[in-house]
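Close look at the chain arrangement
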Amino acid sequence: MLPQCDPAILCDNPQFKILHQQLTTSILNPDGSTRALDADPLRRHVRAELKKHQIRAAKRRILKRVVCQLPFDLKNDLPDELRDLVAIIALYLNHPSSSANRSKSDGTTYDNDNDADDTIALLEPDLSTFRSQLPNLLPAIRIKLTADIHHLKTLANATSSSHSSQPNESHIPQHTRSDSRLRPLSLKATSFSSSATATSQSLLSTQLSSRLGTLRTLQTVELPAAQRQLAVTGAEVLSAHTQVMERMIQVLERTKHGSLARAGKARAEYLAAVAEGLDGKVKVMQRDILSSIYTPETVDALQNYRKHLHDTRVRLEERERKALKELEVYEIADSSNYDDSSMNRAGAVVEIAKRYGSLVKEVEAVRMEIRRLGGNI
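It should be emphasised that the depicted structure is a prediction, and the values quoted were computed from it without experimental measurement.

**Points about the overall build of the chain**
Looking only at helices and strands, the chain features 12 helices and 0 strands. Reading the chain from its N end, one meets helices and strands in the order α-α-α-α-α-α-α-α-α-α-α-α. Intrachain contacts of the chain at a sequence separation of at least 6 include 55% that bridge at least 24 residues. Counting every atom, the chain has about 29,600 Å² of accessible surface; 59% of that belongs to carbon and sulfur.

**Quick word on helix H4 (residues 80-94)**
Between its first and last C-alpha, H4 extends 21 Å over 15 residues, near the 21 Å set by a 1.5 Å rise per residue. Along H4, the positions that sit buried rather than exposed are Leu82, Arg83, Leu85, Val86, Ile89, Ala90, Tyr92 and Leu93.

**As for the environment of Ile89**
Here Ile89 shows up in helix H4. Taking the C-alpha atoms as reference, Ile89 lies 7.4 Å from Leu127; in sequence the two are 38 residues apart. Setting aside its immediate chain neighbours within four residues, Ile89 contacts Asp126, Leu127 and Phe130.

**Describing the nonpolar core**
Membership of the largest hydrophobic core comes to 18 residues, with the highest contact counts inside it found for Val86, Phe130, Leu137 and Ile141. Of all the elements, H4 adds the most residues to this core, at 6 residues. Excluding residues that lie within four positions of it along the chain, Val86 makes contacts with Val67, Leu70, Pro71, Phe130 and Leu137.

**A closer look at a nonpolar patch on the surface**
Side chains of Met285, Ile289, Leu290, Ile293, Tyr294, Val299 and Leu302 sit close together on the surface and give an oily, nonpolar patch of about 650 Å² of accessible area. Breaking the nonpolar patch down by element, the ones donating at least two residues are helix H10 (259-293) and helix H11 (296-337). For the nonpolar patch, the leading source of residues is H10, giving 4 residues. Look at Leu290 and you get partly exposed, because its relative accessible area is 43%.

Analysis parameters
- Residues numbered from 1 in each chain as written.
- Predicted model: local features only at pLDDT ≥ 70, side-chain atom pairs only at ≥ 80, totals over all residues.
- Heavy atoms only, no water.
- Helix = DSSP H or I, 4+ residues; strand = E, 2+ residues; numbered from the N terminus.
- Contact = heavy atoms within 4.5 Å.
- Areas by Shrake-Rupley, 256 points an atom, 1.4 Å probe, with all protein chains shown as cover.
- Expected span 1.5 Å × (residues − 1).
- Buried < 20%, exposed > 50% of the residue type's maximum accessible area, 1.4 Å probe, protein only.
- Core = buried A, V, L, I, M, F, W, Y, C linked by side-chain atoms within 4.5 Å.
- Patch = residues over 30% accessible without salt bridge, like charges linked within 9 Å, V, L, I, M, F, W, Y side chains within 5 Å.
- Salt bridge = Lys/Arg side-chain N within 4 Å of Asp/Glu carboxyl O.

Here you go:
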């Protein structure tokens with residue numbers, strides 16, 4: 001396939017445009033071959049033989065694909081035994097040894113000839129059964145090929161602008177000879193009627209020609225324009241990316257790696273060090289103040305005062321216990337003298353004690369008030 005040239009280049013270089021047109025129209029074929037060689041009879045013969053072999057290879061590939069699809073197609077109503085047999089044959093066809101065996105028959109030698117022979121010997125009963133069951137498989141193969149042809153025609157006519165309706169399905173004859181053998185080379189064009197074949201070929205060739213023209217237009221005109229637009233868009237994207245990177249660098253310089261950020265960080269570290277120093281000084285001052293206040297003499301005096309308070313508390317608690325005991329003695333004496341009204345007497349004693357306590361508190365309050373006013377008692 002000749003490479004396409006940008007129309008802008010052809011417009012800018014008229015002489016090159018003339019040379020390009022001469023090469024593509026007079027000297028070279030679209031596939032890159034020389035037009036002068038097409039007139040050679042030997043080359044024509046070789047090309048015809050090559051085309052025949054390509055057709056035979058295509059038929060083989062199509063038939064192989066159809067046979068490999070039969071076991072998985074539930075619409076063909078094949079028996080389970082026959083379906084399993086076809087599955088085994090499909091595995092054999094997809095195995096590399098089958099290709100090696102066919103190449104060996106053509107005269108090419110391989111290193112795995114023994115493996116291929118072992119495979120053929122192992123599958124010989126299945127191959128014989130498959131050959132005998134070919135007449136039963138032909139209807140399913142024919143239906144599968146008909147469906148594929150219909151799908152191809154549908155796809156060919158789906159986007160066609162010249163043909164709006166789908167072509168009729170080609171009818172394949174359903175009668176086969178009972179002794180026919182399924183061979184890749186035995187698929188003849190006689191399966192279709194001559195008129196239907198000619199119509200299908202003309203429709204497909206017309207559609208392919210129009211689509212090739214459209215594809216060439218896309219390659220020569222629209223594709224270069226799209227590539228240029230893509231290049232412009234890519235340049236704009238790169239420019240935007242450059243601006244974003246510049247802005248990111250500026251932000252990093254200002255916030256993290258710049259002189260202002262470094263100065264702020266140094267200032268913060270300096271203030272942290274100053275704060276630590278002040279904290280140490282405050283702790284030293286606190287210890288000095290405590291040492292100046294709590295001298296050994298002061299500590300001894302406080303300890304002595306603490307002992308005095310403890311002794312005073314013990315004496316007061318002892319006096320309280322003695323007073324309670326005396327009250328209990330008075331209560332017992334009163335209860336022994338007045339048996340009839342013992343409960344009233346006990347209540348009277350308690351009331352007298354409470355009254356005495358309240359009077360003592362009032363006396364102490366009056367004394368404190370007199371002292372506050374500056375009087376002497």
